[in-house]
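Observations on the model geometry
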Amino acid sequence: MTNLFRGFQRNVAPLCLILMGLLLAVGCGPSATTDGTGLIVVGEFASLTGKEANFGQSSHKGTELAVDEINAAGGVLGRKLLLKTEDNQSKPGESATVVRKLINRDGAVAILGEVASGRSLEAAPICQTNKIPMISPSSTNPKVTQVGDYIFRVCFIDPFQGTVMARFARTTLKASKVALLTDVAAPYSMGLADFFKQGFAAAGGTILSEQKFSSGDKDFKAQLTALKSENPEAIFVPCYYNEAALIVRQARELGITVPFFGGDGWEAPELLSIGGKALEGCFYSTHYTSESSIPAVKNFVKKFQDRYKEVPDAMAALGYDSAYVLADAMKRAGSADPTKVREALAATKDFDGVTGKTIMDKDRNATKPAVILAIKNGKFEYVETISP
Ligand code: PHE
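Residues numbered from 1 in each chain as written. Predicted model: local features only at pLDDT ≥ 70, side-chain atom pairs only at ≥ 80, totals over all residues. Heavy atoms only, no water.

Another aspect to go through is the pairing of strand β13 (residues 370–376). A regular strand places its side chains on the two faces of the sheet in alternate fashion. In terms of burial, β13 is a largely internal element, six of the seven residues being buried. As paired strands, strand β10 (residues 283–286) and β13 are joined by four bridges and run antiparallel to one another. The partner of Y284 across the bridge, within β13, is L373. Of the strand pairs in this sheet, β13 and strand β14 (residues 379–386) are connected by seven bridges, and their pairing is antiparallel. In the strand pairing of β14, A370 is matched with I386. Adjacent in sequence and paired antiparallel, β13 and β14 are bridged by two residues, among which N377 carries a positive phi angle near 50°. (Buried < 20%, exposed > 50% of the residue type's maximum accessible area, 1.4 Å probe, protein only. Helix = DSSP H or I, 4+ residues; strand = E, 2+ residues; numbered from the N terminus. Pairing = 2+ DSSP bridges.)

See below:
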């Protein structure tokens, strides 16, 4: 027996290992991405867990729905798309790692992601160096696409969003003196704050002061106390939903009653579950409303709700559009070759999606309207759409 086993070890075991290796290579390796056959691997990186899990989960659901629809309709160029999704856990540093894996290990010919500008900024140089097109669904900081000609987005950028909120503060809130509270650790927050300040000053308003914090902070009382002493008529908080909700709650506890308002980073159910009643009468800008009467949007909302039992938010809608914009470019390119897809993406004109038309400008940004939502009776309520 022992000898027999040894014999097995010597002769058969190495064979088994080779076989297993072969199987693994066939099963998990890049699925024929360059020879025009087989699956087309599309990589996606998202914050599926961690601090901004809501962003990644929403965006991923939209992307996944689109890819499944594209495949059900026959795929692209007679080939099916294979969506490979990696979680960056909302952690700095992780996006670079997972995007490298998607490109080098999985053979992704294009990358979809991310929501947060900081994480898109981490991955963009890797995509650019590898000449793999990247489409951010919803990162709005201008620097993201400035990384290079392989980097695209299907949403508006913050010089527009900042101006929209500056005008909103002046005309709808009728504020002439505002203060800001910004997140120094998020490029999104710093950028949007700057564009808002420029827009508000240009509209004849005065910025009283700007207090700062860092992503993950939980106590904002010192900054809020400082802001309160200046008597602002409204307070702009361009940051993500966790901090925004805590800031507004603590402000109310300190007796600050003026409206708070923010940008798209506020968009998440957690804003209301953490912020509660404190958020009543606050506003934020975003990319889309599920309340739209446009048939394509209604159809999307229905399909999304049937599958995920929830109403799609802006990240879901932009994730959905990003996958369709990619498929459209591959079709027009007549190829899944990254360089040809890049060319076709750059030439995207009038692509009709659920967040409006995607027209890539020369800087690879889309120009789309912004939507303003209010928090009323514990719900997000559509206020207005502002076109560029
Ligand atoms: N625009 C934000 C950023 O660039 C991300 C975001 C998009 C958040 C859409 C919510 C909704 O970081």
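Okay, back to it.
Glancing now at the site of the ligand. Around the ligand sit 13 residues in total, of which S117, S138, T140, Y240 and D264 are the nearest. At 3.0 Å, a backbone N or O of S138 approaches a nitrogen atom of the ligand. Broken down by class, the residue content of the shell around the ligand amounts to six nonpolar, six polar and one charged. Two domains each put at least three residues into the shell around the ligand: domain 2 (40–155 + 293–366) and domain 3 (159–286). (Near = heavy atom within 4 Å. Polar contact = N/O pair within 3.5 Å; in protein donor to acceptor, adjacent residues only side chain to side chain. Nonpolar A, V, L, I, M, F, W, Y, C, P; charged D, E, K, R; others polar. Domains from an automatic or database assignment.)

Glancing now at the sheet that holds strand β4 (residues 134–136). Spatial ordering of the open sheet is given by β2-β1-β3-β4-β5, a layout of five strands whose pairing is parallel. Among the strands making up the open sheet, the edge pair consists of β2 (81–87) and β5 (151–153). Across the sheet, the axes of successive neighbouring strands diverge by a mean angle of 25°, strand direction being ignored. Strand direction decides the pairing type here: strand β1 (residues 40–46) and strand β3 (residues 110–112), joined by three bridges, are parallel. Residue pairing for β3: G43 is matched across the bridge by I111. (Axes fitted to C-alpha atoms, helices over the stretch in contact; angles between N-to-C directions.)

Take S59: it is sitting in helix α2 (residues 53–72). Leave out the neighbours within four places in its chain, and S59 touches E44, V115, P137, M315, A316 and G319. (Contact = heavy atoms within 4.5 Å.)

Before going further, it helps to spend a moment on the confidence of the model for the protein. Of the residues in the protein, 91% have a pLDDT of 70 or more, and the chain-wide mean is 93. Ranking the elements of the protein by mean pLDDT puts helix α1 (residues 2–28) last, at 46, and β3 first, at 99. Predicted confidence is poor over residues 1–5, with pLDDT under 50, and the contacts of this stretch with residues over four places away or in other chains come to zero contacts. (pLDDT = per-residue confidence, 0-100.)

Moving on: the packing of aromatic side chains. Applying the stated criterion across every chain, the model contains 17 aromatic pairs. Their ring planes at 75° and their centres at 5.2 Å tell us that F55 and Y241 sit as a pair that is edge-to-face. Of this pair, F55 sits in helix α2 while Y241 is found in helix α9 (residues 241–253), placing the two residues 186 residues apart along the sequence. Taking relative accessible area as the criterion, F55 reaches 2% and is therefore assigned buried. Relative accessible area serves as the criterion here: at 1%, Y241 is assigned to the buried category. Members of the aromatic cluster, joined through ring pairs, are Y288, F300, F304, Y308, Y320 and Y324. One Lys or Arg, R342, reaches over the ring of Y150 and ends 5.7 Å from the middle of that ring. (Phe/Tyr/Trp six-rings, centres within 6.5 Å; stacked < 30°, edge-to-face > 60°. Lys NZ or Arg CZ within 6 Å of the ring centre and 35° of its normal.)

Below, the discussion takes up the nonpolar core. Counting residues in hydrophobic clusters, the biggest one holds 59 residues, and the most contacted among them are F196, F260 and W266. Ranked by residues supplied to this core, first place goes to α9 with seven residues. Both of domain 2 (40–155 + 293–366) and domain 3 (159–286) provide at least three residues apiece to this core. Counting residues in hydrophobic clusters, the runner-up holds 39 residues, among them I135, L318, Y320 and M360. (Core = buried A, V, L, I, M, F, W, Y, C linked by side-chain atoms within 4.5 Å.)

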